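Summary of the model geometry
Now for the letters of each chain:
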Number of protein chains: 2
Amino acid sequence: MTEAFFDPSSLPTGSAVDYGGGVTDCASCVVRNRAICASLDAAELALLGKLGRNHRVKAGQTLLWEGDDAPVVANVLEGVLKLVVAAADGREQIVGVVFPSDFIGRPFGKESPYSVTAMTDAEVCIFNRKSFDDFASAHPDLQHKLLRRTLDELDRARHWMMLLGRKSAEEKVASFLLEMSERLSGQGCNSGAQSGFELPFGRQQIADILGLTIETTSRQLTRMRAEGLLDLPSRREIVINDRAAMEAIAG
Amino acid sequence: MTEAFFDPSSLPTGSAVDYGGGVTDCASCVVRNRAICASLDAAELALLGKLGRNHRVKAGQTLLWEGDDAPVVANVLEGVLKLVVAAADGREQIVGVVFPSDFIGRPFGKESPYSVTAMTDAEVCIFNRKSFDDFASAHPDLQHKLLRRTLDELDRARHWMMLLGRKSAEEKVASFLLEMSERLSGQGCNSGAQSGFELPFGRQQIADILGLTIETTSRQLTRMRAEGLLDLPSRREIVINDRAAMEAIAG
DNA sequence: CCGGAACATTGACCTGGATCAACGAAAAAT
DNA sequence: ATTTTTCGTTGATCCAGGTCAATGTTCCGG
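Residue numbers restart at each chain and count upward from 1, following the sequence in its written direction. In the order they appear in the text, chains get letters beginning with A and ligands get numbers beginning with 1. Only residues with pLDDT of 70 or above have their local features reported here, since the model is predicted, and side-chain atom pairs are shown and tallied only from 80 upward, although totals for entire chains, interfaces and linings are computed over all residues. Each side-chain value is worked out from all heavy atoms of the structure, with water and hydrogens disregarded.

With respect to the protein's contact with DNA strand D
For clarity, the threshold we go by: One heavy atom within 4 Å of a molecule or strand is enough for the residue carrying it to be called near that molecule or strand. In the analysis that follows, any N or O atom pair within 3.5 Å is treated as a polar contact, provided that within protein one partner can donate a hydrogen and the other can accept it, and provided that, for residues neighboring in sequence, both atoms belong to side chains. For helices the rule is a DSSP run of H or I covering at least 4 residues; for strands it is a run of E covering at least 2, with both sets numbered from the N terminus onward. Three categories are distinguished: nonpolar for Ala, Val, Leu, Ile, Met, Phe, Trp, Tyr, Cys and Pro, charged for Asp, Glu, Lys and Arg, and polar for the others, with Gly belonging to the last.
Close to DNA strand D lie 17 residues, the nearest being A:Arg203, A:Ser218, A:Thr222, B:Ala169 and B:Thr216. Within 4 Å of the protein, the atoms of DNA strand D are drawn from sugar and phosphate moieties in a proportion of 67%. Note that a phosphate oxygen of DNA strand D is positioned 2.7 Å from one of the side-chain N or O atoms of A:Ser218. At 3.2 Å, a side-chain N or O of B:Arg235 approaches a base oxygen of DNA strand D. Contributions of two or more residues to the surface near DNA strand D are made by helix H5 (203–210) and helix H6 (214–226) of chain A together with helix H6 (214–226) of chain B. The greatest single-element share of the surface near DNA strand D, amounting to 4 residues, is contributed by H6(A). For the surface near DNA strand D, a count of residues per class yields 2 nonpolar, 8 polar and 7 charged.

Written out as C-alpha cells, the structure reads:
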C-alpha cells in the first residue's frame, strides 16, 4: 500500500488560477477555535479556506510516508492519527499521537520525517504544503500559533524521551494511562481528566508508544487490574480507580 | 546549588528606561550568521543587542531548573550544554544537547520543562524572556527562524524517541557516535563528518543520552574497539575506522 | 613526583522484559 | 448461527542489559 491516499495535484495551489477548491465553510468548522486557524480573522480565514480541502481517511490508511516527499500539511478535524518512525526490520516507535484540532505534516521541509497513519476513521483539512508555507509566511499570527504549538509538541516529545529512556514498564503504563485520560478528556466538552475513557487503539499500539512488547503491556494492565488500580470493562475501555496511586507509580 | 547563576533583574527589559546593558557588538558575533539573529538587519540587530548580555558559564553550572520559572532565553556562543529531564529518584535522561549558534530556553512559556546545564565551560548571549518574546512577536522573520529551528529540533527529538524506545545498546552507541561526528564537525570550519573527534563529555553523559548505564556504554565501546570498528586514543577521543559498518549497525 | 579524587573498565551475577508458544475471547465475515 | 480472523491474555524460558563490586586509569592539586 504505497500509493498516495489521494492526488495532491487536485489541491488548490494558491496561484492566480482558481481551481474552485476550498472547504465549504471555515467559520462553522468544528475546530475553528482550537486549531491554528483561530489566529485568523474572517477575511484571512476565507483566503486560507480556499487553499484547504476536507478529506476523509479510513483507519489504517497512511497520509504521509517516512522519508517520502510530503506534499501536504493538515489540520485534524476528527479522529486520531499516529506519527511513526520505523526501522528497516519492521520495529516501530510511535513518536506522536494527534487529536482533533492538532496540526500534522512538516511545514518548511520537503521530506516527512515520519509516517502519519490514521488509527481511527478520521477527517482532515488538508493543504498543499507550499501554498500553506507561503500563506504562513505572510501571516505572522498564524506562524506564531504554529510556533507555540511546535514548542508544546517539543516539550511533550522531550518528556516522552525520559519515559522511553529511563522508566520501567510499570511506570510507562501508568504514565501512559494518565496522559491519555487527560488528552482524551480534552476532546469532549467535559473538562478535567476522566477516570474512565475509551482508548482509540489496541494493545500493540500502546506497546509501540511505550517502547514495550504487547505481552509486557498486557501483563502490566492485568496486574494493575488485579491490584484494583483500574478496571478493564472491555478491550479498549479503561477505568482508573485510584488516580493518586497511579500518579505515584508514574513518578 | 539551587540559587540562580546570575541575577535576571540585571538584564535590560526593553522598557523605555535604558539600563545601559546590551552586548558589545552583535555585528561581529561569532554566531552572527548561524544563530536566529541572522534573520535581522543592522537596525533590528542593534535593538535586540540592547536586550542581550553575554555571560560565561562554568562546566557543571545550571542555567535553568526543570519546573522552575524560566526568566531567560539565550543563544549559545561557545561550549556545549545539555537539556535534562530528571525523575524524583535521581534517574536522568538527557533530552537535548546544544552547540554554539543553538537557541536555549522556552519562549512563550513560563516554566522550563527541563534543566539546562553546561557540559563544558560556555558562553551564552542571554535575554530576559519577556523582552525576547515581545521582540520576537514584533519581528516575524525572527519568529520564522525560531519556528524552523523548533521544527528541526522536534524532528530530531522524535528520531531520538525511536532510538530510546526500540534500539539495542549496540545500535544506540553506533547511532550516537555517528550523530556526534556529524554535529561536532558542523562546529569547526571543516565540512562533512569527521572520522576522528573529541566528545565534549564523559561516559556517564553518553549513558544519559542513550538511556543506558555507564557500564553498558563502556562495554559497547570496548567491544567495538576490539572488533576494529573504532579507536579510543584517549578518554574523550573517538576515531571511527569503519564508517560503513558503523552505519550498518546503527540501522 | 606524589596522593587523592574523579572517571573508566572489567568481572560476576541477577532480573525485567523480550521471545516463543499456546490458548481464549471478541469482532467480522459468511 | 457459524466460521474465520483478529486481538488479547497467559505461561515458560531466555538473555540483554542492569546491578553490585573490584580494579585500573587519568587528571589535578600540592
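Re the packing of aromatic side chains
Aromatic ring pairs: the centre-centre distance and the angle between the two ring planes describe each pair. All names here are of chain A. Short version of the rule: Ring pairs shown here join Phe, Tyr and Trp side chains whose ring centres sit within 6.5 Å, with only the six-membered ring taken for Trp; geometry is labelled stacked below 30 degrees between planes, edge-to-face above 60, and tilted in between.
Counted by the stated rule, this structure contains 6 aromatic pairs over all chains. Aromatic side chains Phe-103 and Phe-132 sit 5.3 Å apart centroid to centroid with 35° between the ring planes, which places their arrangement in the tilted category. Within this pair, whereas Phe-103 is found in strand S6 (residues 103–104), its partner Phe-132 is found in helix H2 (residues 129–138), the two being separated by 29 residues in sequence.

Let's talk about the domain arrangement of chain A
Residues and elements named next belong to chain A. In plain terms, the rule: These domain limits were set by an automatic method or by a database of domain assignments. The contact definition used throughout considers only heavy atoms, calling two residues in contact when any of these lie within 4.5 Å. Take the accessible area each of two parts loses on contact, using a 1.4 Å probe, and add the two losses: that sum is the buried area. Should a side-chain nitrogen of Lys or Arg be within 4 Å of a carboxyl oxygen of Asp or Glu, the pair is scored as a salt bridge.
Taken as a whole, chain A is organised into domain 1 (8–158) and domain 2 (167–250). If you average the C-alpha positions of domain 1 and of domain 2, the two centres end up 28 Å apart. Between domain 1 and domain 2, the contact holds 13 residues from the first and 13 residues from the second. Here domain 1 meets domain 2 over a buried area of about 1100 Å², counting both sides, of which 51% is carbon and sulfur. Applying the counting criterion to the domain 1 and domain 2 interface returns 2 salt bridges. Close ionic contact of Arg-183 with Asp-102 constitutes a salt bridge, the shortest N to O distance being 3.4 Å. Applying the counting criterion to the domain 1 and domain 2 interface returns 6 residue pairs in polar contact (both at pLDDT 80 or more). In terms of residues, the side of domain 1 that touches domain 2 owes the most to one element, strand S5 (residues 92–98), which gives 4 residues. Looking at the side of domain 1 that touches domain 2, its residues break down into 6 nonpolar, 2 polar and 5 charged.

Examining the sheet that holds strand S9 (residues 196–198) of chain B
All names here are of chain B. Test applied: Two strands qualify as a pair provided that DSSP identifies no fewer than 2 bridges between them.
What the 3 strands build is an open sheet, ordered S9-S11-S10; its pairing is antiparallel. On the outer flanks of this sheet lie S9 and strand S10 (230–231), each paired with one strand and no other. With 2 bridges connecting them, S10 and strand S11 (residues 237–240) associate as antiparallel partners. Bridge assignment links Asp-231 to a residue of S11, and that residue is Val-239.

Topic: the protein's contact with DNA strand C
In the neighbourhood of DNA strand C, 17 residues make up the surrounding shell, with A:Ala169, A:Thr216, B:Arg203, B:Ser218 and B:Thr222 lying closest. Take A:Ala169: an N or O atom from its main chain is 2.8 Å from a phosphate oxygen of DNA strand C. Within the side chain of A:Arg219, a nitrogen or oxygen atom sits 2.8 Å from a base oxygen of DNA strand C. Listing elements by their share of the surface near DNA strand C, those giving two or more residues are H6 of chain A together with helix H5 (203–210) and H6 of chain B. A per-element tally of the surface near DNA strand C places H6(B) first, with 4 residues. In the surface near DNA strand C, the residues fall into 2 nonpolar, 8 polar and 7 charged.

Considering the layout of surface pockets
Let me state the cut-off plainly: A cavity, in this analysis, means grid points on a 1 Å lattice covering only the protein atoms where a 1.4 Å probe fits yet has no way out; a pocket is instead an open set bounded by protein on both sides within 12 Å along at least five of seven lines, and a residue lines either one if it has an atom within 4 Å of a point. Grid points are joined across faces, edges and corners, and a volume is the space filled by probe spheres set on the points.
Considering only enclosed or pocket space, the largest pocket measures out at about 710 Å³ in volume. Contributing to the lining of the largest pocket are 27 residues, with A:Asp155, A:Arg156, A:His159, A:Glu179 and A:Glu182 lying nearest its centre. Among the elements of the structure, helix H3 (140–166), helix H4 (169–187) and helix H7 (243–250) of chain A together with strand S4 (81–86) of chain B are those that each provide at least two residues to the lining of the largest pocket. The element contributing the most residues to the lining of the largest pocket is H3(A), with 11 residues. Along the lines of polarity and charge, the residues of the lining of the largest pocket split into 9 nonpolar, 3 polar and 15 charged.

Overview of unusual backbone geometry
Note on backbone geometry: most residues besides glycine have negative phi, and most peptide bonds are trans. The phi torsion at A:Phe108 lies on the positive side, around 60°, for a residue other than glycine. Take A:Phe108: it is sitting in the loop between S6 and strand S7 (115–118).

Examining the interface of chain B and chain A
Each side of the interface is counted separately: chain B has 44 residues, and chain A has 44 residues. Looking at the side of chain B facing chain A, the largest losses of area belong to B:Arg158, B:Met161 and B:Arg166, adding up to 20% of the total buried there. Where chain B touches chain A, the interface holds 10 salt bridges. A salt bridge links B:Arg106 to A:Asp152; its shortest N-O distance comes to 2.5 Å. Our count for the chain B to chain A interface comes out at 24 residue pairs in polar contact (both at pLDDT 80 or more). Residue assignment for the side of chain B that touches chain A shows that the elements contributing at least two residues are S4, strand S5 (92–98), helix H3 (140–166) and H5 of chain B. A per-element tally of the side of chain B that touches chain A places H3(B) first, with 21 residues. Looking at the side of chain B that touches chain A residue by residue, the class counts come to 22 nonpolar, 9 polar and 13 charged.

Structural notes on the relation of the copies chain B and chain A
The line we're drawing: C-alpha atoms of residues with pLDDT of at least 70 in both copies form the basis for the least-squares superposition of the copies.
Mapping chain B onto chain A leaves a residual RMSD of 0.0 Å; the transformation is a rotation of 180° accompanied by 0.0 Å of translation along its axis. Read as a symmetry element, the transformation amounts to a two-fold axis. Of the interface residues in chain B, 100% have counterparts in chain A that sit at the interface too, so the contact is made through matching surfaces.

Quick look at the sheet that holds S6(A)
Hydrogen bonding along the main chain pairs the strands of a sheet, whether they run parallel or antiparallel. All names here are of chain A. Applied cut-off: Interaxial angles span 0 to 180 degrees and are taken between N-to-C directions of axes, which are lines fitted to C-alpha atoms, for helices over the stretch in contact.
Read from one edge to the other, the open sheet built from 4 strands follows the order S1-S8-S3-S6, with strand pairing classed as antiparallel. Both outer strands of the open sheet, strand S1 (52–57) and S6, are each paired with one neighbouring strand and no more. Both S1 and strand S8 (residues 122–128) contribute to a ladder of 6 bridges, which runs antiparallel. Directly across from Asn-54, in S8, lies its bridge partner Cys-125. Together, strand S3 (72–78), S6 and S8 form the strand contacts of H2, whose direction differs from that of S8 by roughly 75°.

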